[in-house]
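Here are the chains, one letter per residue:
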Amino acid sequence: SIHGGDFKHLMWALYFLKVYGKEEDNSNYSGGVDEKTFRKWTHIFVEAISFLESSVIIWDARIIGDSRSLVTIDGTDMPAEIGFNKDFFGVKFNHSGLKYEVGVCIATGYIVWINGPFRCGHNDLNVGLW
């Protein structure tokens, strides 16, 4: 276990990453726990998940047998609680956010590349040029 956490805390973290809901809604979903408790365990597990990046997102996962497969790259926007700033404004969700460049192997569906974060105000082409 992570610092005394258990399976339900992992589930809370995965829910948080998928939904990114309001703290009150998150607490209610998790069985009515205190918002502070939900926030504590969610952040511990989200950080632990982020440390898996180098073992999960592997550029060579695009190689199948002896052949290399094509990769498609796209930008994805994520809402973020960073206050209003027009450079971070994401029109997809009408809120401030961060943009990531994500590469997916066409043959396997594996994520093989990630780059970012960038300000949501940048378009995908500009992010790809960095």
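Residues numbered from 1 in each chain as written. Predicted model: local features only at pLDDT ≥ 70, side-chain atom pairs only at ≥ 80, totals over all residues. Heavy atoms only, no water.

## Looking at the side chain of glutamate 101
Link 1 in the chain: Position of glutamate 101 among the secondary structure elements: in strand 5 (residues 95–105).
Link 2 in the chain: Here glutamate 101 occupies a buried position and makes no salt bridge, while the nearest side chain of opposite charge, lysine 99, is found at 10.0 Å.
Link 3 in the chain: A polar atom in the side chain of glutamate 101 sits 3.0 Å from the side chain of tryptophan 113. (Helix = DSSP H or I, 4+ residues; strand = E, 2+ residues; numbered from the N terminus. Buried < 20%, exposed > 50% of the residue type's maximum accessible area, 1.4 Å probe, protein only. Lys, Arg positive; Asp, Glu negative; His and termini not counted. Salt bridge = Lys/Arg side-chain N within 4 Å of Asp/Glu carboxyl O. Polar contact = N/O pair within 3.5 Å; in protein donor to acceptor, adjacent residues only side chain to side chain.)

## Describing the packing of aromatic side chains
Link 1 in the chain: Within this structure, the stated rule accounts for four aromatic pairs.
Link 2 in the chain: Ring geometry for tyrosine 15 and tyrosine 29: centres 3.7 Å apart, planes at 10°, overall stacked. Taken together, the positions of tyrosine 15 in helix 1 (residues 7–19) and tyrosine 29 in helix 2 (residues 23–29) put the pair 14 residues apart, joining distant regions of the chain.
Link 3 in the chain: Between tryptophan 59 and tryptophan 113, the ring centres sit 6.4 Å apart and the planes meet at 75°, which makes this aromatic pair edge-to-face. In this pair, tryptophan 59 is assigned in the loop between helix 4 (53–56) and strand 1 (63–64) and tryptophan 113 in strand 6 (residues 111–119), connecting sequence segments 54 residues apart.
Link 4 in the chain: By relative accessible area, tryptophan 113 is classed as partly exposed at 34%. (Phe/Tyr/Trp six-rings, centres within 6.5 Å; stacked < 30°, edge-to-face > 60°.)

## Things to note about the pairing of strand 6
Residues in a regular strand point their side chains to alternate faces of the sheet.
Link 1 in the chain: With six bridges joining them, strand 5 and strand 6 adopt antiparallel strand pairing. Bridging from a neighbouring strand, glycine 103 pairs with tryptophan 113 of strand 6.
Link 2 in the chain: In this antiparallel pair of consecutive strands, strand 5 and strand 6, the connection spans five residues, and glycine 109 shows a positive phi of 80°. (Pairing = 2+ DSSP bridges.)

## Some remarks on helix 1
Link 1 in the chain: With 13 residues, helix 1 should cover 18 Å at 1.5 Å per step; its first-to-last C-alpha distance of 18 Å lies within 8% of that length.
Link 2 in the chain: The complete set of buried residues in helix 1 reads His9, Trp12, Ala13, Tyr15 and Phe16. Here the buried residues of helix 1 occupy an arc of 160° about the axis, which is enough to place them on one side. Summarising the geometry of helix 1, the exposed residues directed more than 90 degrees from the buried face are Phe7 and Lys18.
Link 3 in the chain: Tucked inside the fold, the buried residues of helix 1 contact helix 2 and helix 3 (35–50).
Link 4 in the chain: Two residues or fewer past helix 1, tyrosine 20 is found with a positive phi of approximately 50°. (Expected span 1.5 Å × (residues − 1). Arc of directions from axis to C-beta. Contact = heavy atoms within 4.5 Å.)

## With respect to a negative patch on the surface
Link 1 in the chain: Together, Glu24, Asp25, Asp34 and Glu35 make up a negatively charged patch on the protein surface.
Link 2 in the chain: Its location among the elements puts glutamate 24 in helix 2. (Patch = residues over 30% accessible without salt bridge, like charges linked within 9 Å, V, L, I, M, F, W, Y side chains within 5 Å. Areas by Shrake-Rupley, 256 points an atom, 1.4 Å probe, with all protein chains shown as cover. Charge placed at Lys NZ, Arg CZ, Asp CG, Glu CD.)

## Some points on the layout of surface pockets
Link 1 in the chain: Of the pockets and cavities examined, the largest pocket occupies roughly 940 Å³.
Link 2 in the chain: Lining the largest pocket are 23 residues, and of these Leu17, Ser50, Met78, Tyr100 and Ile114 sit closest to its centre.
Link 3 in the chain: Sorting the residues of the lining of the largest pocket by element identifies helix 1, helix 3, helix 4, strand 3 (71–79), strand 5 and strand 6 as the ones contributing at least two each.
Link 4 in the chain: Per-element accounting of the lining of the largest pocket gives the leading share, four residues, to strand 6.
Link 5 in the chain: Looking at the lining of the largest pocket residue by residue, the class counts come to 16 nonpolar, four polar and three charged.
Link 6 in the chain: By volume, the second largest pocket amounts to about 210 Å³.
Link 7 in the chain: Looking at which element gives the most residues to the lining of the second largest pocket, the answer is helix 3, with five residues. (1 Å grid on protein atoms, 1.4 Å probe; cavity = no way out; pocket = protein on both sides within 12 Å on 5 of 7 lines; lining within 4 Å. Points joined across faces, edges and corners; volume = space filled by probe spheres on them. Nonpolar A, V, L, I, M, F, W, Y, C, P; charged D, E, K, R; others polar.)

All we've got here are geometric facts, nothing functional implied.
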